[in-house]
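# Per-entry structural report
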Amino acid sequence: MDDSIGTGSRQEIVTAFERDYTASPVDQRSRAAFRTPAVGHLLIVALTLIGHSDFGSLLAADRIELVVDASKSGAKIDRNIFGQFAEHLGRGIYEGLWVGPDSTISNTRGIRNDVVGALRALKVPNVRWPGGCFADEYHWRKGIGAAGQRTATLNPNWGGVVEPNTFGTHEFMDFIEQIGSRAYLSVNVGSGTPQEAAEWLEYLTTAQPTTLAKERAANGHQTPYKIPYLGIGNESWDCGGNMTPEYYLSQLKVYSRFVRNFHPEQQSDNRMLKIAVGPGGGGTRWTEWTEAIMKAWQGHQWSWDIDGLSLHNYTVVRWPASYASVGFGEKEYSEILKSTLEMNQLIATHSAIMDKYDPQKQIALVVDEWGAWYGPLPGSNPGFLVQQNSLRDAILAALNLNIFARHSDRVRMANIAQMLNVLQAMIMTDKEKMVLTPTYHVFRMYVPFQDATFVPVTFNAGTYTHGSITLPRVDAIAARDGAGILWVAATNVDPAQPVEIAVRLPGISPRSAAGETLTAPAVDSVNTFDRPNTVVPKPVTARVLGDQLTLTLEPKSVTVISIRE
Ligand code: AHR
């Protein structure tokens, strides 16, 4: 282990996750897994992945029929579910996106141009920053002012390394602007004060000539910044202060009241959405947490309010995270995918509680930390959470995005952990080199689903079995984008067998359908700096016959097609 990791901080990481993940609904997989989306129509997502009740009859199936009923529509798939998370952790910020203005690596005001270019293609809707556990020890004033005069502090959560604070408020907002995204700030509830957080928001957002606004201008930004999303604490039940729901609620009310956004254009329609700390699993501890917050919200007075409740859920199988991110076989492939599908029941569990107190679905469930968490790569600093990203992660990402889309009436925001060089990253960097991960490619392929309208798909998923694990073989979602184009995303989980899908489109006369498919030679295939194109999408075209398309899904693949009518 790297000497810079004290046992204290390592222990902290472990204990933070010895919580209730194992008690989360691993074994409670429901056969009525998907609720019907509430917006206007009764949507039948029949025989869905997890709820399918006739696996046996399809064991040998190599052709699966999907019925896309484009005459029906569901909720909007909020583009915010494709949000990302950039914490001061390992090489996520420093070296990942920030190299400093004097670097020989091509940059704009210190921010890597190659990373910005790659992220722009993802149309990243929002970025959560500065943490994570880091947020509850972050003091924003240390990250403003002349670069050479910033206070260096420590990052006890993540490796105990020095935090130079050279990437602070202005640098983050510059980054957000460069990639064309929006800011989701997490304020420090654990070790900060409401006053500190309130002053940060005044500094950022007021257009009035206050002393803080003048300081912002002196630091290079005359006009106020827009802050659309505010997280009030992070995992306050654990690394954020180990609070009880009651104690957190008292904090939440105070922060919600006093941490104000003063931006003149955010006083009505575009007002800042406040997101409370929510559950981190599915066991009693977590359902009680959700109950407490939602019950309080239902009876809340004018002086405080929230717009979202967060949910954190990593695919890890067991803590401490020890599954290998590369060099694994089908056993680990199937185990991880089985585990990731638990996201569906977790969302259903907490949505049901939210429905009790908020039947109008005013409060969004914000899955602002999700993704695969594996053991650290050999030789890496364990506090830096460095892992590889394989084809398995691409499939895992697609399955989760599909789950969020099906729950889009309640899940209106999500943030994969994390953006760069940490956990299930989009992008990895090594000095001047950059590589796009398989997960990146899935996010790029799914861009058309951002703000598209969910369209119900009925299908019999079939099964894929390995050892004692049986999973739905195919998953699919469909949506209509703002231009009226119909999109279908389909995943074949089976690592060995291709499957032909017949997409029936009653009432539609498709003229053609084409798109991209992502697969690779092995479930653990990765892109490396030397071989960056092992897992990259390639074009695919469907065959059209009447109101039906047929398409062969390669083994272990994710495919997205658009349909021309
Ligand atoms: O993403 C890594 C860590 O996981 C975050 O800092 C924390 O919120 C979560 O426990």
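Just so it is clear, the model here is predicted, and its values are computed rather than measured. (Residues numbered from 1 in each chain as written. Predicted model: local features only at pLDDT ≥ 70, side-chain atom pairs only at ≥ 80, totals over all residues. Heavy atoms only, no water.)

Quick look at the pattern of salt bridges now. Counted according to the given criterion, the structure contains 27 salt bridges. One salt bridge connects Arg79 with Asp451, and the closest N-O pair in it is separated by 3.4 Å. With Arg79 in the loop between strand 1 (63-68) and strand 2 (83-85) and Asp451 in the loop between helix 11 (438-445) and strand 16 (453-455), the pair connects residues that are 372 residues apart, well separated along the chain. In this structure, Arg410 engages Asp358 in a salt bridge whose closest nitrogen and oxygen atoms are separated by 2.7 Å. Of the two residues, Arg410 sits in the loop between helix 10 (391-406) and strand 13 (411-417) while Asp358 sits in the loop between helix 9 (342-357) and strand 12 (364-372), which places them 52 residues apart along the sequence. Accessibility classification places Arg410 together with Asp358 in one group, the buried group. Each of Asp355, Asp358, Lys361, Asp409 and Arg410 takes part in a single network of salt bridges with overlapping partners. (Salt bridge = Lys/Arg side-chain N within 4 Å of Asp/Glu carboxyl O. Helix = DSSP H or I, 4+ residues; strand = E, 2+ residues; numbered from the N terminus. Buried < 20%, exposed > 50% of the residue type's maximum accessible area, 1.4 Å probe, protein only.)

The step from Trp129 to Pro130 runs through a cis peptide bond, and the omega angle for that step is 10°. Relative to the helices and strands, Pro130 is located in the loop between strand 5 (127-129) and strand 6 (153-155). The omega angle of the peptide bond from Trp319 to Pro320 is -5°, so this bond is cis rather than trans. By secondary structure assignment, the location of Pro320 is in the loop between strand 11 (308-315) and helix 8 (330-340).

On to the pairing of strand 15 (residues 433-436), then. Strand direction decides the pairing type here: strand 14 (residues 427-430) and strand 15, joined by 4 bridges, are antiparallel. Across the sheet, the residue bridging to Met428 is Val435, located in strand 15. Linking strand 14 back to strand 15 in an antiparallel pair, the connection comprises 2 residues, with Lys431 at a positive phi of about 50°. (Pairing = 2+ DSSP bridges.)

Close inspection of predicted coordinates is inappropriate in any region flagged by low pLDDT. Per-residue pLDDT for the protein averages 90, and the proportion of residues at 70 or more is 89%. Overall, residues 1-60 carries pLDDT values under 50, and its contacts beyond four positions in sequence, including any with other chains, amount to 130 contacts. (pLDDT = per-residue confidence, 0-100. Contact = heavy atoms within 4.5 Å.)

A word on the packing of helix 8 against helix 10. The interhelical angle for the contact between helix 8 and helix 10, taken along N-to-C directions, is 20°, at an axis separation of 10 Å. When the axes of helix 8 and helix 10 are compared, the pair comes out roughly parallel. Remark: the crossing between helix 8 and helix 10 carries right-handed chirality. Contacts between helix 8 and helix 10 involve Glu332, Tyr333, Ile336, Leu337 and Thr340 from the first element and Arg392, Ile395, Leu396, Leu399, Asn400 and Ile403 from the second. (Axes fitted to C-alpha atoms, helices over the stretch in contact; angles between N-to-C directions. Parallel < 35°, antiparallel > 145°, perpendicular 65-115°, else oblique. Left-handed = near helix turned anticlockwise from the far one by under 90°.)

Relative to the helices and strands, Ser351 is located in helix 9. Overall, the relative accessible area of 0% leaves Ser351 in the buried class. For the pair Ser351 and His407, spaced 56 residues apart in sequence, the C-alpha separation works out to 8.9 Å.

To continue, consider helix 3 (residues 169-179). Buried residues dominate helix 3, accounting for 10 of its 11 residues. When helix 3 is considered as a whole, its buried residues turn out to be Thr169, His170, Glu171, Phe172, Met173, Asp174, Phe175, Ile176, Gln178 and Ile179. Looking one or two places after helix 3, you find Gly180, whose phi comes out positive at around 75°.

Applying the stated criterion across every chain yields a total of 1 disulfide. A sulfur-sulfur distance of 2.2 Å marks the disulfide that ties Cys133 to Cys239. Across the disulfide from Cys133 to Cys239, rotation about the S-S bond amounts to roughly -95°, and the bridge is consequently left-handed. Placement of Cys133 in the loop between strand 5 and strand 6 and of Cys239 in the loop between strand 9 (229-232) and helix 6 (245-258) is noted, with a sequence separation of 106 residues between them. The burial state of Cys133 is the same as that of Cys239; both residues are buried. (Disulfide = S-S within 2.5 Å.)

Grouped together as the largest cluster of nonpolar side chains are 120 residues, with contacts concentrated most on Phe172, Phe175, Trp370, Phe404, Tyr446 and Phe449. Per-element tally for this core: the top contributor is helix 10, with 11 residues. Dropping the residues within four chain positions of it, Tyr446 is found in contact with Phe82, Ala398, Leu401, Asn402, Ile477, Ala489, Val558 and Val560. Membership of the second largest hydrophobic core comes to 27 residues, among which are Val455, Ala476, Ala490 and Leu553. (Core = buried A, V, L, I, M, F, W, Y, C linked by side-chain atoms within 4.5 Å.)

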